[in-house]
Structure formats: structure tokens, C-alpha cells
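The lines below spell out each chain.
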Amino acid sequence: MAKEPVLVVLQLSGGNDYLNTIIPYTNPLYKDYRKVVAIPDDQVVPLDNEYGLHPAMAPLKRFWDEDKMAIIHGIGYENSSRSHFRSMDIWHTCEPDKVGTEGWVGRAIKAVDPRKDNVLTGVNFGQGLPRAMMAPGVPVASISNIQAYGVLTGITDEEQRTKALERFSRVYSPAIGHGPVMEYLSNTGLDALKGADILKIAPQKYSSSVEYANNAIAKKLRGIAMVHLADLNTRLFYTQHSSFDTHASQLPWHEQLLKDCSAAIVDFFADLREHDASDNVVMIMFSEFGRRVRDNGSGTDHGAGGVAMVIGDRVKGGYYSEYPSMKLEDLQEGDLAPNYDFRGFYASVLEQHMGLDPTEIVGGNFEQLSFMKN
Amino acid sequence: MGSKDIALIAHLMRRAGFGATYEELEARDAKGYEATVEELLDPDSYGVPEFDEFIPARFYPAYEWPTAPTHPQANVVYHLISSPRPLHEKMALFWHMLFATSDAKVNGNHQMLQQFHMFREYGLGDYRDLLVRVAKDPAMIFWLDNNENHTDAPNENWGRELLELFSLGVGMDGHLNYTEDDVKAAARAFTGWTMSYRIPGLAYLWGFEYKEEDHDDGEKVFLGHRGRFNGEDIVDIIVQQPATHRFIARHLYNFFVADEVQVAAWKDTPPRDPDAVNAIAKAFKESGYEIKDTLRFIFNSDFFKDERAWFAKVKNPAEVVAGTMRLVGEYKEPKPGLTLLAWEMGFQSQELLNPPSVEGWHYGQEWIDSGSLVRRVNLMADNLGDATKPGTRYIIDRLASRGGMSPEELVDGCLEIMGYIRLESETRQEYIDYVKAEAGSEVKRGVSKKEVQAFEQLVTNVLRHIASSKEYQFC
């Protein structure tokens with residue numbers, strides 16, 4: 001049976017520092033601008049003789065060596081917003097010029113499953129629903145703890161809970177004549193119930209030799225692995241790690257974040273590979289902006305152009321787009337100028353990996369990059 | 001047991017506040033409905049204490065000097081839960097949802113708190129006065145770029161939203177209320193209304209500053225009037241417009257009486273109760289745009305008191321969170337965890353002080369999605385089902401004091417003591433059947449430890465079920 005493509009979106013919240021993630025270590029401007037936070041040469045993990053990885057990302061180098069990691073340089077959008085919320089909203093809704101309330105992943109879920117055949121087509125690991133996944137009528141399971149996802153999780157006695165859920169299901173059954181709002185509530189409640197019911201099998205079925213670390217991102221990726229391996233036909237996963245907003249004490253802080261993420265990503269793919277379930281999975285990582293070229297003496301402030309990454313068996317590894325110039329005259333208000341629109345990045349993944357028409361999802365035609373193998 | 005009005009008072013408290021415990025309902029019922037309305041509207045005259053700012057300030061370091069967005073949010077949540085003047089909090093929330101300003105752009109914890117204070121302090125006063133205050137509010141000025149509105153380079157953002165969202169509305173009865181020229185005129189009139197700059201990153205508030213030299217003093221034509229209008233003149237013209245009376249009336253109807261369609265559809269969709277909205281508009285106008293008098297009119301009107309208005313609104317996350325906390329008796333005093341409540345509201349899609357756009361939050365049915373519904377159900381069910389919460393304990397004890405009850409009486413008793421909650425007959429029957437299956441045909445709290453625990457378990461389960469029902473999503 002041909003496996004349908006699966007996308008995992010890993011959002012790095014807070015503005016991941018591009019310059020210290022993919023380090024232009026041979027460019028003298030790098031050390032000139034970053035008297036305090038520049039990573040010393042002997043610590044950089046070189047990818048080639050121009051760029052290298054932050055040392056904490058060393059575990060990810062194996063994907064680069066396998067040609068399965070794409071690095072998208074200078075990603076962003078015109079008139080970059082340096083506000084976390086606004087910029088993240090823009091990345092979520094693909095609306096840089098006006099406020100959008102619908103998310104690109106929500107639209108993608110609808111495109112993948114227009115008749116809502118599977119309430120678990122889209123799953124978020126986190127609390128609440130990210131705007132990226134919001135679209136009218138699209139059910140999304142938002143899981144903060146996969147062992148305890150669902151309604152009435154406060155009932156600890158299993159037998160009691162089962163009965164309570166049956167009752168819940170009856171109470172939420174659509175009853176004719178109670179109005180459209182009640183009907184909508186009924187449907188939403190039943191979808192959530194159905195999703196939770198299906199999901200509970202995931203931790204039960206799961207067994208793996210991979211031992212993930214005990215931190216937030218590792219737990220989330222492990223949860224995603226569980227759901228993926230349970231064969232529930234989830235096609236779009238979303239999660240986030242934070243906070244990358246390293247205004248101060250950047251060196252230890254960023255190191256910890258990259259360390260935790262890198263280890264978790266390696267474990268995630270190892271887990272999938274162990275179960276022969278990795279070849280249809282692609283993970284993308286992005287942040288709402290990069291950070292300033294010049295450091296502030298302890299960390300860095302909000303910037304513009306950033307970096308996105310793509311990892312997966314079907315990925316054509318390498319650099320895509322261009323590393324923005326660090327020369328003073330080329331900077332935008334002190335920041336790296338973005339040269340590649342993030343909507344093209346989404347479009348590339350949606351079309352080349354998910355097999356969807358991206359136009360309506362990202363709101364237009366944007367230049368794609370060919371980082372997926374044919 | 002109260003008078004025949006007690007259930008009506010419960011409805012009033014859900015709308016004019018964040019609900020009330022059974023004890024509070026009995027106390028208010030003793031005074032009567034009209035007296036309760038008066039006390040809510042004019043607490044000063046009835047000896048209702050003010051919220052004591054000193055108490056939370058002593059316990060929460062970031063209360064007065066918020067350093068992160070969750071701090072002012074937690075501050076507001078604490079007010080919503082524990083203020084002895086719930087209508088003032090509810091109106092502050094109303095104005096916050098109308099004059100939607102987002103910390104996402106303002107990026108000023110202090111500043112946003114200041115704005116919410118303004119809505120609390122002046123929210124029941126004169127609407128014209130409030131509009132001017134909002135026009136001078138530095139958070140609003142920055143939010144809608146009026147600091148970039150110059151005589152030689154006007155910026156229409158504030159001028160437009162003032163007309164579109166804060167007063168007239170786009171259109172009424174299918175026709176437009178203003179033209180693009182009106183927007184331009186309004187923008188010109190407000191040139192020079194800017195903010196004095198603060199030092200970035202420090203906890204100093206912006207102030208309002210009027211820059212005469214940046215003000216376009218020329219003649220404008222606005223809604224058919226001609227003159228060298230300044231901002232306050234525009235406000236004076238605006239408040240006289242029937243469209244304004246209708247728009248604000250419809251907002252008040254939507255917030256206090258029953259869910260309307262989204263505002264974007266108001267131009268072409270008539271109100272669900274046009275007579276009621278017109279009556280509110282009339283009362284608003286005749287009161288001289290006094291919100292207090294308009295609310296008095298609403299709360300005493302048949303369309304509000306009628307049982308068809310009861311439970312006709314989907315609870316907003318503030319009502320879910322603050323309402324639940326009030327009912328279970330949490331956060332009467334400061335203790336840790338307020339930030340989590342503020343976050344919870346965010347997870348339920350109403351992050352205080354940070355609406356998604358100047359259009360505010362979508363309300364009614366749109367509060368519910370597969371993410372928020374699970375959170376709402378779990379929050380309410382977990383709290384109502386927790387006998388360690390003082391409010392839940394009170395409900396258990398109060399029920400126990402009724403002696404032997406049939407399953408129907410137990411379920412109805414729970415509904416009553418939770419605040420005269422209503423369920424559809426099928427739902428109610430479901431819970432009655434549960435009680436019958438668990439405890440037989442007569443339920444009573446016995447004396448032995450085992451019986452006491454069994455009773456407690458039974459009642460908390462019933463409460464949990466009611467709290468998880470789809471009907472309980474409404475207020």
C-alpha cells in the first residue's frame with residue numbers, strides 16, 4: 001500500500017537566530033558584528049568551507065551527510081514585522097498585508113480531507129489551537145498530553161470514565177429542532193470525542209527502542225511519532241518549541257534549545273525508521289523571523305530574514321535560496337534582508353510533497369524551490 | 001428556595017457579571033430584581049465595596065509593574081473573578097472587545113492595563129466622553145497609527161475604524177452609513193492627536209499629546225456637516241447619528257441579550273430582534289448616551305427578562321473561566337495560578353488584551369472549535385467535579401441538607417444550586433438515569449464515612465456531567 005505523504009511542522013517560537021544556526025564562519029563580518037555571541041571557529045560544525053552548524057546541532061549533521069536536509073536561506077517576507085505576534089500570524093495565515101484568521105495548515109487539512117472522513121487528519125501537539133490550523137469546520141485534535149487526551153479526563157476511574165464518555169456522546173448527539181448553534185456544538189463535541197477515542201490506541205500500540213529525552217520538545221515529537229506509528233492516517237502534524245527569543249544570555253540559552261531540538265529530531269526519525277515508517281514523512285522547521293546581525297552585548301534582538309529547514313527521506317539535501325549579505329549597505333534596518341517568500345516554501349512542500357495545489361492555501365503563486373526528490 | 005424571581009436573577013448575574021453562587025443569588029433575591037439591577041449599576045450608592053487593589057498588589061510582584069504580557073492578563077482575570085462590582089468588570093470587557101486593541105502591536109503591558117482600567121472606570125458613563133478618552137488613549141493611538149496621522153501626510157486608520165467599528169458601523173438596513181470622504185475628513189480632524197514618547201523597554205506609560213502644529217485646521221465636510229473640525233467635533237457629530245445609536249444598541253444586545261451574527265454581516269442582516277435593538281437605541285439616545293441608563297433600560301426590559309433570552313448566548317472564554325472560578329469559590333484571595341488562568345483563556349481563543357485584530361474576537365458559536373471545546377468542557381467539569389473546591393463543597397452540603405431525594409430531585413437540585421441551569425429534557429433524563437442506576441430511587445447523605453463519600457462521589461459526578469453538557473456552554 002502506497003503511503004500517503006505526511007508533513008510535520010516544527011515551529012521555533014520567538015525568532016530563531018539564523019546567524020548562529022547556520023553560521024557564516026569564514027565571513028569576517030560575522031565576528032565583527034558579534035563580539036559577544038559569535039560562535040568560535042573551533043566550535044562550529046562545518047558543512048562546507050563557508051557555512052557551518054551551531055555545535056549543539058551536530059546531531060543533525062547526519063541528515064546533511066545523507067543528503068536529506070535542505071536549508072532554505074533568507075526566508076521571510078517583504079516589510080518584515082519585528083513583532084512576534086504579528087509576524088507569527090503572518091506565517092500562520094499567509095496574510096502579510098491584512099489580518100487573516102484562517103491558517104494554511106487548516107486549509108491544507110481541508111484540501112486533504114474535504115469530506116471530513118477522518119477527524120484526525122490534522123493533529124496539533126500543544127495547548128489550544130494554533131492559528132495555522134484554524135479553518136472553519138476543520139476538526140483538529142490539539143493534544144497536550146497524549147496519555148490523557150480527551151474530554152472528562154479528570155475522571156480517573158477508567159470504568160467511570162468510559163460510562164461518562166458514553167453519556168457525553170449521547171448528550172452531544174444531534175437532536176432535531178434545537179437550532180444551528182446547538183447542532184454545531186453537537187458535531188464539534190462528537191468530533192472531539194471520536195478523535196480522542198481513536199487516539200487512545202496510539203500510546204497503547206506504541207513500542208520503541210528509542211529513548212527520547214525528558215524535555216518538552218522530545219515529548220511532543222515522541223507523541224507525534226506515536227500517532228504516526230498508530231496508522232491513524234494523520235497527514236498534518238504541528239508542534240512548537242520555545243522560546244527562541246534570545247535577547248540576553250543567548251549563548252547558553254540558544255545552545256540548550258538547539259541541543260534539545262536536535263536530539264529530539266534525531267530520535268524522532270530514528271523511531272520512525274525503526275518502524276519502517278519514515279520515508280513518507282517530511283519535517284519542516286521555521287521561525288517567525290531571524291535576529292539582528294549585531295549583538296546587543298548579551299544576545300540579539302528581533303531581526304528579519306531567517307532560515308527554514310526541511311528534513312526527510314524524500315528531501316533533496318543542500319542549500320536553497322541565498323544567504324543574505326551581511327554588508328552594512330545590504331542590511332534592512334540592521335537586519336538580514338529576506339530574499340525568499342515563505343509562502344513559496346509552504347507551496348513547495350504542499351505541492352511537491354503533499355501533492356496539493358497550493359494556490360488557494362497560501363493565497364497566490366509563489367516561487368517554489370525544488371527540495372523534494374521526484 | 002427563593003422567590004419566583006430567583007432564576008431571573010441568576011440570568012441577570014450571568015449576563016451582568018460572571019454568574020453567582022447560590023448564596024449570592026439568595027441574598028440578591030431577598031432584595032429583589034430591580035434593587036439588584038440598581039446595586040449593579042450604582043454600587044457606590046449601595047455601599048458595595050470597591051475592588052481592593054492593595055490586596056493583590058501585595059502578593060503578586062508583577063501586579064502593578066507587569067513585565068510580561070501574562071501579567072496584565074492575570075491582573076484582569078483576577079478582577080473578573082473577584083471584584084465585588086461585576087458589572088463594571090463586564091462592561092470593561094465589553095468595551096475591550098469593542099475597542100479591540102492588541103498588545104501584539106502595542107507591546108506595552110502597562111499600557112494595555114491602563115486601557116482596561118479606563119474601560120472599567122468610565123465604562124458605565126457617557127459614551128461620548130468615552131469615545132474622546134479612547135481617541136486620546138495612547139495604546140489606541142499607537143495601535144491605529146494615529147501617531148502617524150499628520151497634517152501633511154494623513155493616516156486614515158483611526159478615522160476609519162472609529163466610524164466602521166467603534167460608532168456608526170459600515171451600514172444599516174442595507175445602506176452605507178458614511179463615505180470614504182467622511183473617513184478622510186475624520187482622519188484630518190484627528191491629526192495632531194498623538195502620544196508623548198516613552199523610553200522603550202521601561203515601565204513608563206505613554207501620555208496623550210496634542211500637537212497643534214501637526215493638526216490640519218482646514219475646513220472639512222463630515223456626514224453633511226461643514227466646519228474646521230477637530231477630533232472632539234467629529235465625536236459630537238458621530239454620537240448624534242441614528243446609525244451610532246443603532247450600532248451601539250446592537251452591540252449591547254449582542255453582548256447582554258442574545259448572540260447576533262458577526263459584526264461584518266450587520267450591514268445586510270437585520271437584528272434578530274429589531275424592536276428590541278430600536279428600543280435600546282432610543283433609550284441610549286434619550287439618556288444622552290449614558291451607558292448606565294441604557295443598561296438599566298435593557299435589564300428591566302421584557303426582551304431581556306423573557307426566558308427565551310436565558311441561555312441564548314455561548315459563553316465567551318472570560319465567562320467560562322471567571323464564571324467557573326466564581327462558582328467554585330476560587331481566587332477570592334490571591335494565590336498562585338492566575339497566570340495559568342490567563343493562559344487558559346488564551347487556549348480557549350480569547351487571549352485578554354490581545355484580540356486577533358481591531359475587529360475583536362468572533363463571538364457566539366465561533367468561540368467553539370475542536371480545540372477550545374475540549375478545554376472548556378474539561379475546565380468546567382474538573383472544577384465542578386472537585387469536592388475540594390469550596391463552591392463545589394457548598395453545593396454538596398446544601399443538597400445534603402435537603403434530606404432524602406429522588407433521582408429527579410437530586411439532578412434538579414444540582415441544576416438549581418449551580419445557578420438555575422437548564423438542560424434539554426433528554427440531557428436531564430440521561431443524568432437522572434445515571435443517578436437511578438448508581439444510587440437507586442432514594443438518595444440521601446448518610447452518616448457513616450462510606451455513605452458520606454458515596455454521596456459526595458455521586459453529586460460531584462452529576463455536577464461534572466452537567467458542567468460538561470452542551471447546554472452548559474451557554475449562559
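Residues numbered from 1 in each chain as written. Chains lettered and ligands numbered in written order. Predicted model: local features only at pLDDT ≥ 70, side-chain atom pairs only at ≥ 80, totals over all residues.

Caption draft 1: Quick look at the interface of chain B and chain A. With 32 residues of chain B at the interface, the matching set in chain A holds 34 residues. Ranked by residues supplied to the side of chain B that touches chain A, first place goes to helix α20 (residues 370-384) of chain B with eight residues. Residue composition of the side of chain B that touches chain A, grouped by class: ten nonpolar, 15 polar and seven charged. (Contact = placed C-beta atoms within 7 Å. Helix = DSSP H or I, 4+ residues; strand = E, 2+ residues; numbered from the N terminus. Nonpolar A, V, L, I, M, F, W, Y, C, P; charged D, E, K, R; others polar.)

Caption draft 2: Main features of the domain arrangement of chain A. Residue and element names in this part refer to chain A. If you check the domain split of chain A, you get domain 1 (6-149 + 212-362) and domain 2 (150-199). Here domain 1 and domain 2 have C-alpha centroids that lie 35 Å from each other. With eight residues of domain 1 in contact, the opposing surface of domain 2 contributes eight residues. (Domains from an automatic or database assignment.)

Caption draft 3: Representation of helix α12 (residues 180-189) of chain B within the structure. Within the sequence span of α12(B), burial applies to Asp182(B), Ala185(B), Ala186(B), Ala187(B), Arg188(B) and Ala189(B). Where α12(B) is buried, its residues meet α11 (157-164), β5 (220-222) and α13 (231-240) of chain B. (Buried ≥ 20, exposed ≤ 12 C-beta atoms within 10 Å, placed from the backbone.)

Caption draft 4: Examining the sheet that holds strand β2 (residues 22-23) of chain A more closely. Residue and element names in this part refer to chain A. Taken in spatial order, the three strands of this open sheet run β2-β4-β3, and their pairing is antiparallel. Looking at strand neighbours, the two that pair on one side only are β2 and β3 (45-46), the edges of this open sheet. Pairing analysis gives two bridges linking β3 to strand β4 (residues 52-53), with the strands arranged antiparallel. If you follow Val45 over to β4, its bridge partner there is Leu53. (Pairing = 2+ DSSP bridges.)

Caption draft 5: Just helix α8 (residues 109-122) of chain B, in detail. Residues and elements named next belong to chain B. Taking 1.5 Å per residue, 14 residues should reach 20 Å; α8 reaches 20 Å between its end C-alpha atoms and fits that length. Across the 14 residues that make up α8, a large majority, ten, are buried. Taken residue by residue, α8 has Asn109, His110, Gln111, Met112, Leu113, Gln115, Phe116, Met118, Phe119 and Arg120 as its buried positions. Against the buried residues of α8 lie α5 (70-82), α6 (86-98), α7 (103-106), α9 (127-136) and α10 (138-143). (Expected span 1.5 Å × (residues − 1).)

Caption draft 6: A look at the nonpolar core. Within the largest apolar cluster, 257 residues are counted, with the highest numbers of intra-cluster contacts made by Val77(B) and Cys414(B). For this core, the leading source of residues is helix α10 (residues 250-274) of chain A, giving ten residues. (Core = buried A, V, L, I, M, F, W, Y, C linked by C-beta atoms within 7 Å.)

Caption draft 7: Molecular detail of the environment of Glu456(B). Residues and elements named next belong to chain B. Locating Glu456 in the fold gives a position in helix α24 (residues 449-468). Here Glu456 falls in the partly exposed class, since 17 other C-beta atoms lie within 10 Å of it. For the pair Glu456 and Pro43, spaced 413 residues apart in sequence, the C-alpha separation works out to 37 Å. Not counting chain neighbours up to four residues away, the residues in contact with Glu456 comprise Ala387 and Ile396.

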